[in-house]
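Chains, contacts and geometry: an overview
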Amino acid sequence: MTEIKMPKQIQFKLNSWLENAGIVGLTRILPKDKYEGDWNTLSVSTDELDNFANDYFSFFVKKYGKYIRYQQIVSMKDQLQNWQDDEFDNFDEDNLEILLKWFDSTLKYSVNSKSYKKVIKFLNTDFDVANEVKECNKLIRTLKKKNELVKRRNEAVRILKELTSKFIQIIDYFETPQAKKYFPAKTLSYIVINNAWNGVSFLNPQAKNLDFYDDFQSYFVEPVKKYLAEDHSKDKYICSTCQRPMKKLEYSYGFLNGMGYDLNRKTSNAWNFSNDLYICPICQLMYSVVSAGFTYNMSSQGIFINDNSSIIQLKESNNQMLESMTSDLAKNSHASPYRAFASAFKNELAKSEKYTMANVQVITYDDSKYSFKIITAIASEVLKYAANKNWKNGSTMLTSLYSTGIQGFRGENYYSIFSAVINQLMNNTDLTNLIYTMELLKVTKTQGCRYSTFNIMSLICMNARLINEISKLKGGSNIMEVNEDKLHKMRGCGVGIREGYASKANENKAQTLAYRMLEALRSNNIEQFMDLLLNAYLYLDKIVPSVFISSQTDQKVFKQYGYAFVAGLIGEEFDSEESK
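Residues numbered from 1 in each chain as written. Predicted model: local features only at pLDDT ≥ 70, side-chain atom pairs only at ≥ 80, totals over all residues. Heavy atoms only, no water.

1. Considerations on the side chain of Ser110
Let me state the cut-off plainly: Secondary structure elements are taken from DSSP: a helix is a run of H or I of four residues or more, a strand is a run of E of two residues or more, and numbering for both begins at the N terminus. We call two residues in contact when some of their heavy atoms are within 4.5 Å.
Examined against the element boundaries, Ser110 turns out to sit in helix α5 (residues 93-112). Ignoring sequence-local partners within four residues, the contact set of Ser110 consists of Arg69, Ile73 and Tyr116.

2. Things to note about the nonpolar core
One broad trend across soluble globular proteins is that nonpolar side chains are buried collectively. So the rule is basically this: Remark: nonpolar core denotes a set of buried residues (Ala, Val, Leu, Ile, Met, Phe, Trp, Tyr, Cys) joined through side-chain atoms within 4.5 Å. Buried, partly exposed and exposed residues are distinguished by accessible area as a fraction of the type maximum, computed with a 1.4 Å probe on protein chains only: under 20%, between the cut-offs, and over 50%, respectively.
Counting residues in hydrophobic clusters, the biggest one holds 198 residues, and the most contacted among them are Phe174, Trp197, Phe216 and Phe341. If you tally residues by element for this core, the top one is helix α9 (residues 153-174), at 11 residues. Once you skip the residues sitting within four places of it in the chain, Phe341 turns out to touch Ile303, Ile305, Met321, Met357, Val362, Ile375, Leu383, Ile422 and Met426.

3. Considerations on the packing of helix α16 (residues 377-388) against helix α17 (residues 417-426)
How we decide: For helices, the fitted axis covers only the stretch in contact; all axes are lines through C-alpha atoms, and the angles between them, taken along N-to-C directions, range from 0 to 180 degrees. For this classification, the nonpolar set comprises Ala, Val, Leu, Ile, Met, Phe, Trp, Tyr, Cys and Pro, the charged set comprises Asp, Glu, Lys and Arg, and every other residue, Gly included, is treated as polar.
In contact at an axis separation of 8 Å, α16 and α17 are set at 140° when each is read in the N-to-C sense. Contacts between α16 and α17 involve Ala379, Val382 and Leu383 from the former and Ile422, Leu425 and Met426 from the latter. The class makeup of the residues in the contact of α16 with α17 is 6 nonpolar, no polar and no charged.

4. Here's the deal with the sheet that holds strand β2 (residues 35-37)
Formally: We call two strands paired when DSSP finds no fewer than two bridges between them.
Taken together, the 3 strands give an open sheet; going across it, the order is β1-β3-β2, and neighbouring strands pair in antiparallel fashion. The strands lining the two open edges of the sheet, one partner per strand, are β1 (9-13) and β2. Each neighbouring strand pair of the sheet contributes to a mean axis angle of 20°, computed without reference to strand direction. As judged from the 3 bridges shared by β2 and strand β3 (residues 41-45), these two strands associate in the antiparallel manner.

5. Let's talk about the pairing of β3
With respect to burial, β3 is a largely interior element, 5 of its 5 residues being buried. Side chains Thr41, Ser43 and Ser45 of β3 all project onto a buried face; the interleaved residues Leu42 and Val44 project onto the opposite face, where all are buried too. With 5 bridges connecting them, β1 and β3 associate as antiparallel partners. Looking across to β3, one finds that Phe12 is bridged to Leu42. In sequence, β2 turns back onto β3 through a hairpin of 3 residues.

The following block contains the structure:
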């Protein structure tokens, strides 16, 4: 039998979004000297296969490890040491609260979790973490029960010294090489890696090999090495993805979330109860790194830009998002994938004013479901405009919306206005309903609104641009466009009316007028809006802005000026929320 020599490289070609996400994942995982990429082909050195599992988990720990409980455990060591060095002289009840919260919600929670218990089982150490945590718990109960910190300071310090010494010992355990390697990787398996695939290898609940590094290598990498060492000249099957020959039908898409099905339990999903969609070990390995190709937050949300003009462009677009997301995660575990997308778009614009994402596919992942959108030329133009438009406070129209949201709205703990805006723009959907909702919540003084009228003006200006771009696309010689300067003037007119009411000791009248105007705009009743406007100006003996007179022939245009006017009625253009 002729010995088959293993090739020096494996090639992966740009294909659909899923394969492209796998290719980006490979470039993120592998050392730079282990792959080469031209415009549509990634060539990976087969030398890297022996160390693939280590590089695989190392990537996730490096990029996401800072935002999990493991990091919160080990990062407490310096604070504990500072308290000890200071002999607890400045340790007060606030410090005690910090210490107890860290113990309960971070250390004790982690040690009692299933993932940590699984890892502890095969680490070579005699140190009993669970028992040490129990001992710490007893000391804390004593401290709480007797309220030693207030009643007997010396006794409290004695307990705190013993307690913090135990904490430092526990942290030292978590900082051993084995612990550093396994604990964060195990946690990220259930937070990040399982977003793309599940149910096999170490993510199989019945997995027998507790060493998930070894399990991944055995399940995904060794079959590739075996495949490359075999003669496939007489194989009768082909891979559904790459058309490589296969000896037998062994691997399927079933392990991918939302992509495949269990071949043993759902045979009726296939034509004539016979599935023919099988893949080779090489493609299975590629799909296993889709988790690395996507950019995720820590709340089962992710995003991928299928900017597939070349491997270089594909990498750059998605790596920009990854850097933005990991930066945002340092401040908020619910960081928006759309914000990472906007940051990547803005960075690419900084390189070239001609840059556009028009007709590029964007795939978002949210709670086990994928959504697909194509960035239209109009959406790209509006985003470009908003990314370059600077406000007086130094932010751009786009960045001013980053942190805006509504708590407990539409069935969500936190409704991100920024995400809603980007999502609607990608669908070329008018933002008017969102603007109405935001102004109504402000008028009715609803709790949980984390935005200002300044943010509302950003939306109004973006919506005006969207309306103008859509109008241009439709063509015609009698098109009426929304003028941005006039929008700001109408806001100023609204401020003037509010101040006029205030000068007559009738401040509540502005809020009532704003509410009634919003209802008129919502029902497309221009006549009612004009009646309210005329009465307000007659009351204050002022002249009605001519913009409202001249724009009545175009309902959409009129409403934008109307919402800008209401924004002025309900608040200042720049307020304290701006700096958030």
